[in-house]
Amino acid sequence: MAQSISNSEIASLVEPARLHKRLYLDPDIFELEMERIWGQAWIFIGHESQVPQTGDFFTTNITHKIPVVMVRDKSGAVHVLHNRCAHKGAKLVEKREGNVRGAFRCAYHGWSYRHDGSLLKIPNESGYEGTGFDLNSPCNNMQKLAQVESYRGFVFATLSPEAPDLKTWLGGAVDCLDNLCDRAPEGEVEVAGGVLRYEHDCNWKFILENLNDTMHPMVVHQSVVQAAEDYIASLPESAGKKRSEAEIILPFGSSYENFENTGITGFRYGHHYDGGKSSIHADYSVLPAYHEAMVKAYGEERTREIYSFNTHNTLYYPSLTIKSAVQNIRVVRPLSVNRFVVETWSFRLKGAPDEMLQRTLLYSRLINSSASMVGPDDLEVYRRAQEGLESNASDWVEYHRQYGRDQQLEDRVVGGGTGDLDMRTQYKAWREYMTGEIFQ
Ligand code: FES
Ligand SMILES: [Fe+2]
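Residue positions are counted from 1 within each chain, in the order its sequence is given. Here every chain gets a letter starting at A, and every ligand a number starting at 1, in the order they are written. In view of the model being predicted, local features appear only for residues whose pLDDT reaches at least 70, and side-chain atom pairs are presented and counted only at 80 or more, with totals across whole chains, interfaces and linings using the full set of residues. Each side-chain value is worked out from all heavy atoms of the structure, with water and hydrogens disregarded.

### Focus on the overall build of the protein
Note on conventions: DSSP H or I runs of at least 4 residues are helices, E runs of at least 2 residues are strands, and numbering of each starts at the N terminus. Across its full length, the protein carries 15 helices and 21 strands. Considered along the principal axes of its C-alpha atoms, the protein spans approximately 80 × 55 × 40 Å. A fraction of 68% describes how many contacts in the protein between residues 6 or more apart in sequence connect residues 24 or more apart. Note that accessible areas follow from Shrake-Rupley with a 1.4 Å probe, and for residues the cover is restricted to the protein chains shown. Split by element, the accessible area of the protein, about 19,700 Å² in all, is 48% carbon and sulfur. We treat Lys and Arg as the positive residues and Asp and Glu as the negative residues; His and chain ends play no part in the count. In plain terms, the charge of a residue is placed at NZ if it is Lys, CZ if Arg, CG if Asp and CD if Glu. Here the protein contributes 46 positive and 59 negative side-chain charges, whose respective centroids are spaced 4 Å apart. Whether two residues are in contact is decided by their heavy atoms, any of which lying within 4.5 Å being enough.

What follows is the structure, given as structure tokens:
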């Protein structure tokens, strides 16, 4: 149980351009974050294509201590249920994914549940007769989460009955999920190519802060960009210099000016993205067969419009980060104050040639995998930050870049690509979640 910390004390930890280091170090703050941020926000659970058939399930956690299961029933509906037996509380489904034909059966005393979570059967049921126990009471079902919704196949759930509907919560940032799906000639995507799971020994917020921190790639990833440049220069002309690997890695060395011009856009509830008109993915070559399929599906003008909305990373605070232009996502799951897991999932664009999925998988291997050339650079600096914050040198970390220059538009805030608008956006939401003001 977290120590009680008053709302005014919490608010004092997040100044407009400085953060107190307790945000990264204090286990009581972490427990409160699980309760008030992860326990209230819409959390990404999975994609419907992970459970295509009746009885298919996928398990994950919605907070560090609350396991859930996503399952499809015979009517085709997808449910997200607490992964907990109603009898004595045992976790019901241990496997990460699979198919359960008739019902979930608890490994302890054999209570079984339908795919919608309702209680199906209790062994030796007569023992309950005349005891006042009500077999049909909803308390004896696997419990549903407070709200579950899907947007274009992306399933989110929240433990909060107060949260607004998913579309409202996504706000203008929904454009990025739309763009990811619209890049499929059939307008739909499906999970493909497995998952990369990568544990980090630091606070979960570091990865969210790093996504659209465009002041770091040319420094942190300098060596990998240099190595890629040297390798490409060593290739004979006949090998072709414009390879997919080069297109993916070299933009990480883009100049400050280029990153500044991409811009950052922030929204309510902490969501934000980098890019829009341009991003580090903007100069990828377009495969002729893919272009043909897109034009056939959408027409020339709409196809250009879809390509031209080019974002780098979008964060749906706090659990989901997507790359619309590359069709992969990263899912964040905190474990403790200094440990979290990131999962990278890749998507097939329905109706697109297989080369598009191959490029997505190549991107994941080159950038996101624990054996990649780029991701481990980031992990190393997060680890150093976590270690450095333990010292008594100062209580504060700062994010003043371009403070005071952000421009408030109707439903969003826009600013320069190298500013700290992404930090201001997410920490405004952090403070509102943590002090109970978020849905007021
Ligand atoms: S705990 Fe599940 S059947 Fe007893
Ligand atoms: Fe990075």
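### Structural notes on the coordination of the iron ion (ligand 2)
All of the protein donors around the iron ion (ligand 2) are His 216 (NE2), His 221 (NE2), Asp 378 (OD) and Asp 378 (OD); their distances to the metal are 2.1 to 2.5 Å. Here a donor is any nitrogen, oxygen or sulfur atom (N, O, S) within 2.8 Å of the metal, with 3.2 Å used for Na, K and Ca; water is not among the atoms considered, so some sites may look incomplete. Metal sites are grouped by the angles between bound donors: all angles between 85 and 135 degrees with four donors is tetrahedral, opposite donors over 155 degrees apart with the others between 65 and 115 is square planar for four donors and octahedral for six, and any other pattern is irregular. Here the iron ion (ligand 2) is ringed by four donor atoms whose angles at the metal span 55 to 142°, and the overall shape comes out irregular. Each donor residue of the iron ion (ligand 2) lies on one chain, and together they are spaced H-x4-H-x156-D. Looking at His 221, the relative accessible area reads 1%, which means it is buried. Each residue is assigned to one of three classes by its accessible area relative to the maximum for its type, calculated with a 1.4 Å probe on protein chains only: buried under 20%, partly exposed between the two thresholds, exposed over 50%.

### Describing the environment of Met 423
With respect to the helices, strands and loops of the structure, Met 423 is situated in helix α15 (residues 421-434). Using a relative accessible area of 8% as the deciding quantity, one classes Met 423 as buried. Excluding anything up to four places from it in sequence, Met 423 contacts Leu 19, Glu 209 and Tyr 399.

### Section: the nonpolar core
We call a set of buried Ala, Val, Leu, Ile, Met, Phe, Trp, Tyr and Cys residues a nonpolar core when their side-chain atoms join them within 4.5 Å. Grouped together as the largest cluster of nonpolar side chains are 84 residues, with contacts concentrated most on Phe 154, Trp 204, Ile 329 and Trp 430. As annotated, the domain borders come from an automatic or database domain assignment. Shared between two domains, this core takes at least three residues from each, and those domains are domain 1 (43-151) and domain 2 (165-434). Each residue touching Trp 430, except ones within four places of it in the same chain, is listed here: Ile 10, Val 14, Leu 23, Ile 29, Glu 33, Ile 37, Lys 205 and Tyr 317.

### So, the packing of aromatic side chains
Each aromatic pair joins two rings of Phe, Tyr and Trp (for Trp, the six-membered one) with centres within 6.5 Å, and gets the label stacked for planes under 30 degrees apart, edge-to-face for over 60, and tilted for any other angle. Summed over the entire model, instances satisfying the criterion amount to 21 aromatic pairs. Residues Tyr 24 and Phe 206 carry aromatic rings whose centres are separated by 5.0 Å and whose planes lie at 15° to one another, so their mutual orientation is stacked. Taken together, the residues span a long stretch of sequence, with Tyr 24 in helix α2 (residues 22-25) and Phe 206 in helix α6 (residues 205-211) at a distance of 182 residues. Residue classification places Phe 206 among the buried residues on the basis of a relative accessible area of 8%. Ring centres of Phe 267 and Tyr 273 lie 5.9 Å apart, and the angle between their planes is 40°; this geometry places the pair in the tilted category. Each member of the pair Phe 267 and Tyr 273 is classed as buried. Two thresholds decide whether a charge sits over a ring: the Lys NZ or Arg CZ must be within 6 Å of the ring centre and within 35 degrees of the ring normal. One Lys or Arg, Lys 205, reaches over the ring of Tyr 24 and ends 5.3 Å from the middle of that ring.

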